[in-house]
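Observations on the three-dimensional arrangement
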Amino acid sequence: MKNSILFAIVMSGLVLLCSCNSKKAAPAAEPDPEFVTALQSAQKSLVLESNLISGFKIGMTEEQVDSVIQSLYASNSLIHRDDVNEDMIPLRESWEYSVNTSCLEYNIQDKTYYISLNPIYAKGRLTELVCTITNAKGQNLDAPLHVIFSKFFEQSERGKSFKKFTNKDENGEEMIFFIKDNLEIVFFPQSPDETGEVKGTIQYVNIPGLDEIEEENKEKDQDLINSL
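Residues numbered from 1 in each chain as written. Predicted model: local features only at pLDDT ≥ 70, side-chain atom pairs only at ≥ 80, totals over all residues. Heavy atoms only, no water.

Here's the deal with the overall build of the chain
Quick note on the threshold: A helix here means a DSSP run of H or I that spans at least four residues, while a strand means a run of E at least two residues long, and both kinds are numbered starting from the N terminus. Think of it in three bands: with a 1.4 Å probe and only protein chains considered, a residue is buried below 20% of the maximum accessible area for its type, exposed above 50%, and partly exposed in between. In these tables, accessible area is a Shrake-Rupley quantity obtained with a 1.4 Å probe, and a residue counts as shielded only by the protein chains included in the view.
Counting its secondary structure elements, the chain contains six helices and eight strands. Ordering the α and β elements of the chain from the N terminus gives α-α-α-α-β-β-β-β-α-β-β-β-β-α. Within the chain, buried positions represent 43% of all 228 residues. A total of about 12700 Å² of accessible surface is found on the chain, and carbon and sulfur atoms cover 50% of it.

Observations regarding the environment of Tyr204
Convention followed: Contacts were defined at the residue level, with two residues in contact if any of their heavy atoms lie within 4.5 Å.
Along the polypeptide, Tyr204 turns up in strand β8 (residues 200–206). On the accessibility criterion, Tyr204 (7% relative accessible area) is buried. Spatially, the C-alpha atom of Tyr204 lies 9.5 Å from that of Pro119, the residues being 85 residues apart in sequence. Among all residues touching Tyr204, those that are not within four sequence positions of it are Leu52, Ile53, Thr127, Glu128, Leu129, Cys131, Glu184 and Ile185.

Here we look at the layout of surface pockets
Quick reminder of the rule: A pocket here means an open set of points on a 1 Å grid, computed over the protein atoms alone, that has protein on both sides within 12 Å along at least five of seven lines. A cavity is instead a set of points where a 1.4 Å probe fits but cannot get out; residues with an atom within 4 Å of a point line either one. Grid points are joined across faces, edges and corners, and a volume is the space filled by probe spheres set on the points. Charged means Asp, Glu, Lys or Arg here, nonpolar means Ala, Val, Leu, Ile, Met, Phe, Trp, Tyr, Cys or Pro, and polar covers whatever is left, Gly included.
Here the second largest pocket is characterised by a volume of approximately 230 Å³. Forming the boundary of the second largest pocket are Leu52, Ile53, Tyr106, Ile108, Phe149, Phe152, Phe153, Ser156, Arg158, Phe187, Ile202 and Tyr204. Broken down by secondary-structure element, the contributors of at least two residues to the lining of the second largest pocket are β2 (102–108), α5 (145–155) and β8. Examining the composition of the lining of the second largest pocket, we find that three residues originate from one element, α5, more than from any other. Split by residue class, the lining of the second largest pocket holds 10 nonpolar, one polar and one charged.

Side note on the sheet that holds strand β7 (residues 183–189)
Rules: Whether two strands pair comes down to DSSP finding at least two bridges between them. Structural elements are reduced to axes, namely lines fitted to C-alpha atoms, with helices fitted over the stretch in contact, and the angle between N-to-C directions of any two is expressed from 0 to 180 degrees.
An order of β1-β2-β3-β4-β8-β7-β6-β5 is seen for the eight strands of this open sheet, with the pairing classed as antiparallel. Whereas interior strands pair on both sides, the edge strands pair on one side only; in this sheet they are β1 (78–80) and β5 (163–168). Taken pair by pair, the neighbouring strands of this sheet meet at an average axis angle of 25°, ignoring direction. By the bridge criterion, three bridges tie β1 to β2 in an arrangement that is antiparallel. The residue bridging His80 from the neighbouring strand is Ser102, located in β2. Across the sheet, helix α3 (residues 33–44) lies against β5, β6 (174–180) and β7, angled at about 40° from β6, the strand it touches most.

Considerations on the pattern of salt bridges
Applicable threshold: A carboxyl oxygen of Asp or Glu within 4 Å of a side-chain nitrogen of Lys or Arg is what we treat as a salt bridge.
Enumeration according to the criterion identifies seven salt bridges in this entry. Measuring nitrogen to oxygen at the nearest pair gives 2.9 Å for the salt bridge that ties Asp87 to Lys137. Residue Asp87 is located in the loop between β1 and β2, and its partner Lys137 is located in the loop between β4 (125–135) and α5; the two are separated by 50 residues in the primary sequence. The class of Lys137 is exposed, set by a relative accessible area of 51%.

As for the nonpolar core
Within soluble globular proteins, side chains that are nonpolar tend to cluster in buried spots. Which entries qualify depends on this criterion: Definition of nonpolar core: a set of buried residues of the types Ala, Val, Leu, Ile, Met, Phe, Trp, Tyr and Cys, connected through side-chain atoms within 4.5 Å.
By size, the foremost hydrophobic cluster in this structure holds 34 residues, and its most contacted members are Ile53, Phe56, Leu117 and Ile185. For this core, the elements supplying multiple residues, two or more each, are α4 (62–74), β3 (111–122), β4, α5, β6, β7 and β8. Leaving out residues up to four positions away in the same chain, Ile53 has contacts with Leu104, Tyr106, Ile115, Leu117, Leu129, Cys131 and Tyr204. Of all hydrophobic cores here, the second largest spans 13 residues; its members include Ala42, Ile179, Val186 and Phe188.

Right, dumping it as structure tokens:
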């Protein structure tokens with residue numbers, strides 16, 4: 001099982017990317033041996049890196065995640081997903097905001113970006129956080145969204161302590177990986193949506209927790225089989 005999980009870790013960014021792409025995926029390149037070694041070490045690591053984005057942490061319960069959302073709402077750091085890039089924004093109550101309906105509003109270097117959140121839990125604890133980056137309407141970019149945010153991270157004090165790796169998808173788009181201790185952070189592009197807009201993705205993964213995710217998925221599959 002360890003070998004299969006490691007392979008899933010190595011290909012995790014590629015799998016997520018290809019699942020959003022209608023084109024046939026090109027054969028996967030052989031992974032960088034240093035990258036594989038870093039992932040093997042991460043799989044055996046204690047959970048030393050837990051901080052994710054805007055106060056979210058590996059190991060949080062759903063109630064704790066909701067508490068962070070409420071704190072972000074109170075500090076005017078959120079926008080409702082339905083209101084992103086809309087000209088008319090309605091007044092909303094705090095109860096309308098949850099992790100699944102909220103976007104973080106980021107203002108960096110005089111530009112505005114919105115980040116939606118998709119938490120993944122294992123045994124009731126936050127194990128992965130998948131974030132989608134959307135550009136503000138009419139805002140010109142000098143690089144793809146995932147590249148812009150990877151540079152923000154890489155140039156930060158925290159980012160400088162992570163080991164960086166890169167790979168390319170079947171369209172030649174660069175995917176950027178950062179690994180330190182137990183935590184992997186992946187930056188990659190999404191396929192164009194119906195308007196032609198290309199959004200970016202930030203995926204935070206607690207590598208040791210992937211064992212638990214796989215176990216829970218097997219249990220769900222077995223429960224489904226038993227119910228037939």
